[in-house]
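# Working through the structure, step by step
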Amino acid sequence: MPQNKYVQAAIKSTHFITHQVLRRKPTLAYVGGWLGQQNLGDELLFEAHKRLFEHIDFQHFNGGKQANFYYRYAPKRMGGILGGGTLIGQVSLWLEIAKQFQKFNNPLVVLGTGVADPHFWKDGTPLSEWKKVLDECPIVGVRGPMSADYLSEAGINNVEVVGDPGLVFARKTTNPDYHQGVLALNFGRAHERMWGTAENVRDEMVKMASSAKQAGWQVQWLVVFPEDLEITMEAAQKSNTTDQIFPIYEDHEHFIDLVSKATVFVGMKLHAT
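The structure displayed is predicted, hence computed values, not measured ones.

## A few points about the overall build of the chain
Check the secondary structure of the chain and you find nine helices and 11 strands. Overall size of the chain, expressed as C-alpha extent along the three principal axes, is 60 × 50 × 40 Å. Burial status across the chain gives 44% buried among its 273 residues. Expressed as a percentage of contacts within the chain between residues at least 6 apart in sequence, the contacts between residues at least 24 apart total 77%. With the model as given, the accessible surface of the chain reaches about 14,900 Å², and the carbon-plus-sulfur share is 53%. If you average the places of the 27 positive and of the 29 negative side-chain charges in the chain, the two averages end up 8 Å apart.

Right, dumping it as structure tokens:
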């Protein structure tokens, strides 16, 4: 019955508000970010922010009435951090979510977000449309120097390079106990967003895997997004290396463990490398 849905929503909202009132931690909004899609990179970036700010509660602010409601009633609101990944200059959704958050008049900062290459993302949101949002941010710290250059060319000032938040999970030392003769490989379709085609990349991966197998090496395939599994299976079958295929969509520590034990790792996806 529709009424039951309203009752359940009311109960859920009451529990949420009670929990917010009783807890003591301040709240930061994680604005944007492609969470809940089993994409290792996006999940890793959200966890990285939690690691960087251990004494803060994070709320995912993904736009819409529910996100507005939850953030409006969160106590000790400190503001928001624009989500990790390549959000600036990409699809218009991220810009609209950032604008929506700024209506709360709480500070929105950029801390390690990437800026899309306008030559690659030809259908992305022009950086001129991001200028007003970013000009209102007290801190605009982007992922790398190319991101900073794109914003500078668009007339956006006070930009600094702070690095990728995912680096917080980097191991302090290299693994002294790596396995000799192990080649670990990662690639995928990336929604066909690449120079060339996924089939080109697959065929090159097949060549590497076949050469390694002929040399007596063990080949591991690391899959970080469900939509990459099918084409990875194709490469593994073509190279007769189907013994070790690891789909890892959320457990970044397990992923790093596997990579750190390989003799050689070749990766395509940004947060797999």
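On we go from here.
## Some remarks on the nonpolar core
One finds Phe61, Leu82, Ile88, Trp130 and Leu151 to be the most contacted residues of the largest nonpolar core, which totals 28 residues. Those elements that provide at least two residues to this core are β1 (27-31), α3 (64-72), β4 (86-88), α4 (92-102), β5 (108-115), α5 (127-135), β6 (140-142) and α6 (145-153). Residues Leu185, Val206, Ala209 and Ala212 belong to the second largest nonpolar core, which totals 14 residues.

## Topic: α5
Listed as buried for α5 are Leu127, Trp130, Val133 and Leu134. The arc that holds every buried residue of α5, seen down its axis, measures 100°, which confines them to one face. Looking at α5, the residues exposed on the side facing more than 90 degrees away from the buried face are Ser128 and Lys132. Considering only its buried residues, α5 is in contact with β3 (77-82), β4, α4, β5, β6 and α6.

Reading guide: rules and limits
Residues numbered from 1 in each chain as written. Predicted model: local features only at pLDDT ≥ 70, side-chain atom pairs only at ≥ 80, totals over all residues. Heavy atoms only, no water. Helix = DSSP H or I, 4+ residues; strand = E, 2+ residues; numbered from the N terminus. Buried < 20%, exposed > 50% of the residue type's maximum accessible area, 1.4 Å probe, protein only. Contact = heavy atoms within 4.5 Å. Areas by Shrake-Rupley, 256 points an atom, 1.4 Å probe, with all protein chains shown as cover. Lys, Arg positive; Asp, Glu negative; His and termini not counted. Charge placed at Lys NZ, Arg CZ, Asp CG, Glu CD. Core = buried A, V, L, I, M, F, W, Y, C linked by side-chain atoms within 4.5 Å. Arc of directions from axis to C-beta.

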